Amino acid sequence: MAYIKKEKIEEIKSKADIVSVASDYISVKKSGRYYIANCPFHNEKTPSFFLYPETNTFHCFGCGKHGDSISFVMEMESSDYVDTIKQLAKKFNVELEYDTNKNVPKVSYDKYYFVNDFVAKFYYRNMMESQIPKQYLLKRGINQKSINTFLIGYAGSEWKALYNKLLNSNIDLSIAEELGLIIKTKSGEYVDRFRDRIIFPILNKNKQIIGFGGRTIVNDKAKYLNSPESVIFKKGDNLYSIDKFAENNLRDKILIVEGYMDVISLYQNGINFAVAGLGTAFTENQARLAKKFSRGNVYLCYDSDNAGINATNKTAGILKEISVNPNILLLPNNLDPDDYIRTYGLTSFNNLLENAIDINEFNYTNLKNSKLNNESLVEKNILNEKILEFLSKIETNILSDLYINKISNEFGIDKNSLKEDLAKFDKNSIEKEENHSTNNINYISNTVSSMTNNDKKLLIMGIILLMKGNKELLNFLNEMKTLCKGNIIESILEFISENTRNNIVTIPTMLIDKFKFDREKLKIVEYIIGAYKENLVFSTNDYIKLLKISLIQFNIRIVTNNIEHLKRMDNKDENVVSNLNFNIEKLMELNKSLKNAQKGVYYE
């Protein structure tokens, strides 16, 4: 295997003028030492996308995207690193040279693909020779043609069926173990990973089998079991059935669903552009893969239960980060895509595609569905918070006014009251520092106008732990106070934490007695008590991880505000420029820390 020489990559980096690169995609305008443009990664009317010719980098002060010429092209083209290097080399007349040094280890994964291919055929033959799995699939509406198309297999109940087949066929057992197909027990014996399961081979875009998914057909607690990650199988980088796009030369749209059965059932009934995740939360790499094979024309169709609604919002958020606004199919009656197309047919499903909605309308529809006829005070508070949370996520004033009118009519809430409450709620902004001094180069603002809604929820989780006498959380009291400084929750937190220090368990009636004469605090208390009575289960460690993430996000908001403020100042002032650069670097560090924290890895 030959590698592009590092010096050639460095030459491309130095020659790939960011202004020239960006100009191939967007209209740029010179502004002093910099160039500005409307950001290609989010919708905006006022330019906040800055190009820095001296460093060949870019930064958007609106959405936070930043990087160099290579990452810009990768983002715009949804291309990988090597393809981008080749594209820029051609543009800037750099002749690529490859390192063919024999000392460079050659990496080949052919033997891994060979083993997976062998195993897939073994499971497929089992399917052909067994009635139980075929009857199961028949009841689910899956026909023989689909079994053949997706090479669906079957792992029987035997503990060593695959192992014995591998052994007798002289297949490298170490590779089978590395791929997670067989597992070594404490006694040193091998057993099969998959038993009593329908087996779904997972292929990459090059039609190579990289892993397997197994669906139980017996009463197993683990409904689905996937291959572990390996050198050829990265769950967050692949999508089930993406191989069909290359096979069928599809490039105009893609439909993301939740499960293998959804994909197969849709394909069998005429929808050949569906893919699914691989048993983990949807990732940015999966989003880029979907974008690459659809020209950004992405549809989402998850289950219509609460878990599906939450997954839709999370996936839509990840897609939005790469400038894709997904079209969402709204399924009725808690159906999944498999149920729906088998019940109502292709014509009806195509109608859903034609009438797909955006994320705002999706959430508004679900908000309407959550309306109750007889709400308690706690339920009303929860619903009001859901309404304000929904409105706070709408990006434009025009859309916000539109939904305020809709909500006012639907829920019987006064428009002006809605606007006043919204102004106080989840602004995600920092108080403007009108008297900001630029004398301190490393100045960072630390004044927040309000907590975010997620901060409130997190604090209430912590308050509940403290109410139950969790003393370990007292070590993180300062962090909790940082989030609620200046908010009415602060005094409630202080009261409960003081009780915890003194070995007093705070019961709900104590909270009511303490704050019964303060109407605003009593509203918060009532919400806390409602959550307390739900007996939510979460560990101290999980809470501390979430708290660390919230603090990083808190600091990101502060630094973002500093940047916005500095943008409005004199860009010829050296102190302003220096301070701006400091805050940009700080923002990059914080974003990196946030990604690490969200993976459960923290750096001091």
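Residues numbered from 1 in each chain as written. Predicted model: local features only at pLDDT ≥ 70, side-chain atom pairs only at ≥ 80, totals over all residues. Heavy atoms only, no water.

**Topic: unusual backbone geometry**
Here is step 1: If you check the backbone angles, Asn93 has positive phi at about 55° while not being a glycine.
Here is step 2: With a phi close to 65°, Lys207 is a non-glycine residue in the positive phi region.
Here is step 3: Given the relative accessible area of 40%, Lys207 is considered partly exposed. (Buried < 20%, exposed > 50% of the residue type's maximum accessible area, 1.4 Å probe, protein only.)

**Re the sheet that holds strand E2 (residues 29–31)**
Here is step 1: Reading across from one edge, E2-E3-E4-E5-E6 is the order of the five strands in this open sheet, with antiparallel pairing throughout. Each edge of the open sheet is held by one strand with a lone partner, namely E2 and strand E6 (66–68). Taken pair by pair, the neighbouring strands of this sheet meet at an average axis angle of 25°, ignoring direction.
Here is step 2: Packed onto the sheet, helix H3 (residues 69–77) meets strand E4 (49–52), strand E5 (57–60) and E6 and runs at close to 110° relative to E6. (Pairing = 2+ DSSP bridges. Helix = DSSP H or I, 4+ residues; strand = E, 2+ residues; numbered from the N terminus. Axes fitted to C-alpha atoms, helices over the stretch in contact; angles between N-to-C directions. Contact = heavy atoms within 4.5 Å.)

**Looking at the sheet that holds strand E16 (residues 298–300)**
Here is step 1: In spatial order, the strands read E15-E14-E16-E17; together these four strands make up an open sheet with parallel pairing. The strands lining the two open edges of the sheet, one partner per strand, are strand E15 (274–276) and strand E17 (327–328).
Here is step 2: Bridging between E16 and E17 involves two bridges; their strand directions are parallel. From the neighbouring strand, Tyr299 faces E17, where its bridge partner is Asn327.
Here is step 3: The strands touched by helix H13 (residues 306–321) are E16 and E17; relative to E16, the strand with the most contacts, the crossing angle is about 165°.

**Things to note about the packing of aromatic side chains**
For any pair of aromatic rings, geometry is given as the distance between the ring centres together with the angle between the planes.
Here is step 1: Applying the stated criterion to the full structure yields 24 aromatic pairs.
Here is step 2: Summarising the aromatic geometry, the rings of Phe49 and Phe72 are spaced 6.2 Å apart at their centres and angled 45° between planes, so their arrangement reads as tilted. Of this pair, Phe49 sits in strand E4 while Phe72 sits in helix H3; the two residues are 23 residues apart in sequence, bridging distant segments of the chain. In terms of burial, Phe49 and Phe72 fall into one category: buried.
Here is step 3: Here Lys91 stacks its cationic end above the ring of Phe92, 5.5 Å away from the centre of that ring.
Here is step 4: The ring of Phe273 has Lys253 sitting right over it, with the charged end atom 4.7 Å from the ring centre. (Phe/Tyr/Trp six-rings, centres within 6.5 Å; stacked < 30°, edge-to-face > 60°. Lys NZ or Arg CZ within 6 Å of the ring centre and 35° of its normal.)

**Description of helix H21 (residues 489–501)**
Here is step 1: An ideal rise of 1.5 Å per residue puts 18 Å on 13 residues; H21 measures up with 18 Å between its terminal C-alpha atoms.
Here is step 2: Asn503 lies just past H21 and shows a positive phi near 60°. (Expected span 1.5 Å × (residues − 1).)

**What about the confidence of the model for the chain?**
Here is step 1: In this model, the chain carries a mean pLDDT of 84, and residues with pLDDT of at least 70 account for 89%.
Here is step 2: For residues 426–450, every residue scores under 50 in pLDDT, and the model assigns this stretch 58 contacts once sequence neighbours within four places are set aside. (pLDDT = per-residue confidence, 0-100.)

**Concerning the environment of Phe390**
Here is step 1: Relative to the helices and strands, Phe390 is located in helix H16 (residues 377–392).
Here is step 2: Each C-alpha atom, one on Phe390 and one on Asn363, is 7.2 Å from the other, the two residues being 27 residues apart in sequence.
Here is step 3: Once you skip the residues sitting within four places of it in the chain, Phe390 turns out to touch Asn360, Asn363, Tyr364, Leu367, Tyr403 and Ile407.

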